[in-house]
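Overview (structure and organization)
For reference, the chains in residue letters:
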Amino acid sequence: MLAGCTPWPAEAAARYRAAGYWTGENFDAFLRDRTRRFATRTAVVEGERRWTYAELDERVSRLAAGLLRLGIAPGDRVVVQLPNIPEVLEVAFALFRIGALPVYALPAHRHGEIGHLCAATAAAALVIPDVHAGFDHRAMAARVRAQGDGPAHVLVAGDSGGEEGFTALADLRDAPLTHPAPGAAADPDDVAFFQLSGGTTGLPKLIPRTHDDYLYSVRASAEICRLSPETVYLAALPMTHNFPMSSPGFLGVLHAGGTVVLAPDPSPDTCLALIETERVTMTAVVPPVALLWLDAVDGGSQAGRDLTSLEVLQVGGAKFGEQAARRVRPTLGCALQQVFGMAEGLVNYTRLDDDEETVVTTQGRPISPDDEIRVLDDADRPVAPGEPGHLLTRGPYTIRGYYNAPEHNATAFTADGFYRTGDVVRLLPGGHLVVEGRAKDQINRGGEKIAAEEVENHILAHPDVHDAAVVAVPDAFLGERTCAYVIPRGTPPGRSQLLRFLRERGLAAYKIPDRVEFVERFPATGVGKTSRRELRQAITAELRRTAAP
Ligand code: OOB
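Residues numbered from 1 in each chain as written. Predicted model: local features only at pLDDT ≥ 70, side-chain atom pairs only at ≥ 80, totals over all residues. Heavy atoms only, no water.

**Looking at the overall build of the chain**
- Within the chain one finds 17 helices and 27 strands.
- At 23 Å, the chain has a C-alpha radius of gyration in line with the 24 Å of a compact globule built from 549 residues.
- Overall size of the chain, expressed as C-alpha extent along the three principal axes, is 65 × 55 × 55 Å.
- Burial analysis of the chain (549 residues in total) assigns 58% to the buried set. (Helix = DSSP H or I, 4+ residues; strand = E, 2+ residues; numbered from the N terminus. Rg over C-alpha atoms; globule rule 2.2 N^0.38 Å. Buried < 20%, exposed > 50% of the residue type's maximum accessible area, 1.4 Å probe, protein only.)

Okay, here's the thing in structure tokens:
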């Protein structure tokens, strides 16, 4: 396995192969095989663009040839930061075809995060759009290179802008690569790509996923979600996130021979119109987006939409409140499926034949019979059945370690390979999980994960700041927002000046604190550490007080 990654023990790997989970297919073989079977069917739709499986495969071969000509080699890492455009598929599979490894970033990331990803993976290239949502990614890429984080090549979907080292994808599409391409030989039990962890640490951790483990989760998810060539899936969330990628996501749809429709944004106006015109059968959203859709259809701007094609709405990424969950079927006329997953592996689904109570009150049960679940107390002892405790898991598609992170791995995983998810759950007799809370220093802002320590470190870099603690604040719409408690060094910096400072450091907008409170000291725990719990209680009490009439 790639250096810096933790393989599964040989015994477990043998078991997963024997059980038929790990089939030895790699991503390049996956696309070739589905192209053979579904050649003339539509693979992907974006606005006026419609590519069949054969067209997608041909584009992949042409881009793969161009990438090799440019000097991208098997084993190279390439950071991919693209919005929901068909090039996500084209670029990812072209990289697989030459045996290079995508490193998936989110469109919201800025030069801080992208620089870290490029440096941490020694990336050979970075793939970006030219301008997206009013932001010039080329200027960001130039900044990443100026700060010394590489990469040698910047590949642009759109206009390259002509800067040295920047190449438009359009200029890379050569004559199709003849088979076998280097990626055809990619070892199925080796790393295929990297995804970003939601994180609890100062710098985001990288998650190495193998062909074998990830494609198992894709196939099994497609089966659980009953995908078929008739499936029309709307990618409403950013496609480089694990949920719309593989739960069952666009990969599950390609596995089944269906069609992926790309939405430029998850707003109800955009997505409900696409559901109507493209006859979408399934889509996936985070809870705040589900709330917006429900309100838009319930007497709002989208009340007249024909949504009769929609069979399943998946909601996940953060806890979906029971009241909202109950509104899905009557309002949208489709089934709800709750999805509780993580980029590290484990994904839970409510099943399509679960009774309505189970669907609205639980976050589902694991994909695999070989997903091992432990619910433990603070001392790592099993809790009584049905009681809340820390969720730990191990299985055929859950990683055994983050990339190049031995120290962090020593605490994030147990000695026998269980991943400590940081989630607090209850395990019901039927195997379903209910997410009760979280024991990790992370804020879940409507499905977008923020590591408290990462933001704190950026705040601490400000010369007028003595100390900082970032905590979650309950929020009716997003579930949680962030509040930064700051002890100034002398005169406090202005709030807006501090926020500008954070943006200037290249932090994604969703990580910029929603609220800043200047205080003289922090409450301390028994051993003198800052008590985030007390800070959370303080801000919650303050909000209640100010909200009171
Ligand atoms: C998904 O993946 P990540 O890596 O962005 O975040 C994982 C974390 C979980 O550990 C949990 O804290 C939270 O997000 N989470 C949920 C949840 N789904 C995820 N908390 C409560 N209820 C849910 N339904 O978020 C992700 C990956 C694949 C599929 C779906 C979500």
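Here the narrative resumes.
**Here's the deal with the UniProt feature "domain: AMP-dependent synthetase/ligase" (unreviewed entry) in the chain**
- Mapped onto this numbering, the UniProt entry annotates "domain: AMP-dependent synthetase/ligase" (unreviewed entry) at residues 32–403.
- Within the segment residues 32–403, helix and strand shares are 33% and 24% respectively, and the terminal C-alpha atoms sit 29 Å apart. (UniProt positions renumbered as here; feature names shortened; annotations may be inferred.)

**What about the sheet that holds strand β18 (residues 365–366)?**
- Here 9 strands make up an open sheet; going across it, the order is β2-β1-β13-β12-β14-β15-β16-β17-β18 and the pairing mixed. At either margin of the open sheet sits one strand with a lone partner, and together these are β2 (49–52) and β18.
- Together, β1 (42–46), β12 (232–235) and β13 (259–262) form the strand contacts of helix α9 (residues 249–256), whose direction differs from that of β13 by roughly 150°. (Pairing = 2+ DSSP bridges. Contact = heavy atoms within 4.5 Å. Axes fitted to C-alpha atoms, helices over the stretch in contact; angles between N-to-C directions.)

**What about the pattern of salt bridges?**
- The final tally for this structure, using the stated rule, is 43 salt bridges.
- Residue D28 is joined to R97 by a salt bridge in which the shortest nitrogen-to-oxygen separation is 2.6 Å. Of this pair, D28 sits in helix α2 (residues 27–38) while R97 sits in helix α4 (residues 87–97); the two residues are 69 residues apart in sequence, bridging distant segments of the chain. The pair D28 / R97 is uniform in exposure class, with both members buried.
- As a salt-bridge pair, R394 and E372 come within 2.8 Å of each other at their nearest N and O atoms. (Salt bridge = Lys/Arg side-chain N within 4 Å of Asp/Glu carboxyl O.)

**Looking at the domain arrangement of the chain**
- If you check the domain split of the chain, you get domain 1 (27–186), domain 2 (211–438) and domain 3 (446–547).
- Relative to domain 2, the C-alpha centre of domain 1 lies at a distance of 26 Å.
- The partner domain 2 presents 28 residues to the 26 residues of domain 1 that form the contact.
- Summing both partners gives a buried area of about 2400 Å² for domain 1 against domain 2, and 63% of it is carried by carbon and sulfur.
- Among the residues domain 1 hides against domain 2, the three largest losses belong to F27, F30 and N84. Together they make up 28% of the total. (Domains from an automatic or database assignment. Buried area = accessible area lost by both parts, 1.4 Å probe.)

**Description of the nonpolar core**
- F27, L67, F93, L234, L251 and W293 are the most contacted members of the largest nonpolar core, which has 122 residues in total.
- Per-element tally for this core: the top contributor is α4, with 8 residues.
- Counting only domains with at least three residues in this core, you end up with domain 1 (27–186) and domain 2 (211–438).
- Aside from chain neighbours lying at most four places away, what touches L234 is V261, A263, C271, L274, I275, V280, M282, T283, A284 and W293.
- If you look at the next biggest cluster of nonpolar residues, it comprises 22 residues, including C5, M140, V144 and V191. (Core = buried A, V, L, I, M, F, W, Y, C linked by side-chain atoms within 4.5 Å.)

**Things to note about the UniProt feature "domain: AMP-binding enzyme C-terminal" (unreviewed entry) in the chain**
- Feature annotation in UniProt assigns "domain: AMP-binding enzyme C-terminal" (unreviewed entry) to the following positions: residues 454–529.
- This span, residues 454–529, is 22% helix and 33% strand, and a straight line between its end C-alpha atoms measures 17 Å.

**Details of the packing of aromatic side chains**
- Inspection of the entire model under this criterion finds 19 aromatic pairs.
- Ring geometry for Y16 and Y21: centres 6.4 Å apart, planes at 40°, overall tilted.
- Relative to Y419, the ring of Y402 lies with its centre 6.4 Å away and its plane at 80°, an arrangement referred to as edge-to-face. Taken as a pair, Y402 in the loop between β20 (389–394) and α14 (406–412) and Y419 in strand β21 (residues 419–427) lie far apart in primary sequence, 17 residues in all. As far as burial versus exposure is concerned, Y402 and Y419 are alike and both buried.
- By way of ring pairs, the aromatic residues F27, F30, F93, F96, Y104, F193 and Y214 are connected into one cluster.
- Positioned above the aromatic ring of F135 is the side chain of R110, whose terminal nitrogen or guanidinium carbon lies 3.6 Å from the ring centre.
- Lying over the aromatic face of F418, R374 brings its terminal NZ or CZ to 3.8 Å of the ring centre. (Phe/Tyr/Trp six-rings, centres within 6.5 Å; stacked < 30°, edge-to-face > 60°. Lys NZ or Arg CZ within 6 Å of the ring centre and 35° of its normal.)

**Here's the deal with the confidence of the model for the chain**
- When pLDDT is averaged across the chain, the result is 96; 100% of the residues are at 70 or more.
- With a pTM of 0.97, the predicted complex shows an ipTM of 1.00. (pLDDT = per-residue confidence, 0-100.)

**A look at the packing of helix α5 (residues 111–121) against helix α6 (residues 137–146)**
- Look at α5 against α6: their axes get within 9 Å of each other, and the N-to-C directions meet at 55°. With respect to their mutual orientation, α5 and α6 come out oblique. α6 is crossed by α5, and the crossing has right-handed handedness. Along the contact surface, α5 presents H111, I114, G115 and C118, while α6 presents M140, R143 and V144.
- Of the residues that constitute the contact of α5 with α6, the class distribution is 4 nonpolar, 2 polar and 1 charged. (Parallel < 35°, antiparallel > 145°, perpendicular 65-115°, else oblique. Left-handed = near helix turned anticlockwise from the far one by under 90°. Nonpolar A, V, L, I, M, F, W, Y, C, P; charged D, E, K, R; others polar.)

**As for the pairing of strand β17 (residues 345–349)**
- In terms of burial, β17 is a largely internal element, 5 of the 5 residues being buried.
- As paired strands, strand β16 (residues 335–342) and β17 are joined by 4 bridges and run antiparallel to one another. Bridge pairing in β17 places G341 opposite V347.
- In textbook terms, the turn of a hairpin is the stretch between consecutive antiparallel strands, and for β16 and β17 this stretch comprises 2 residues.

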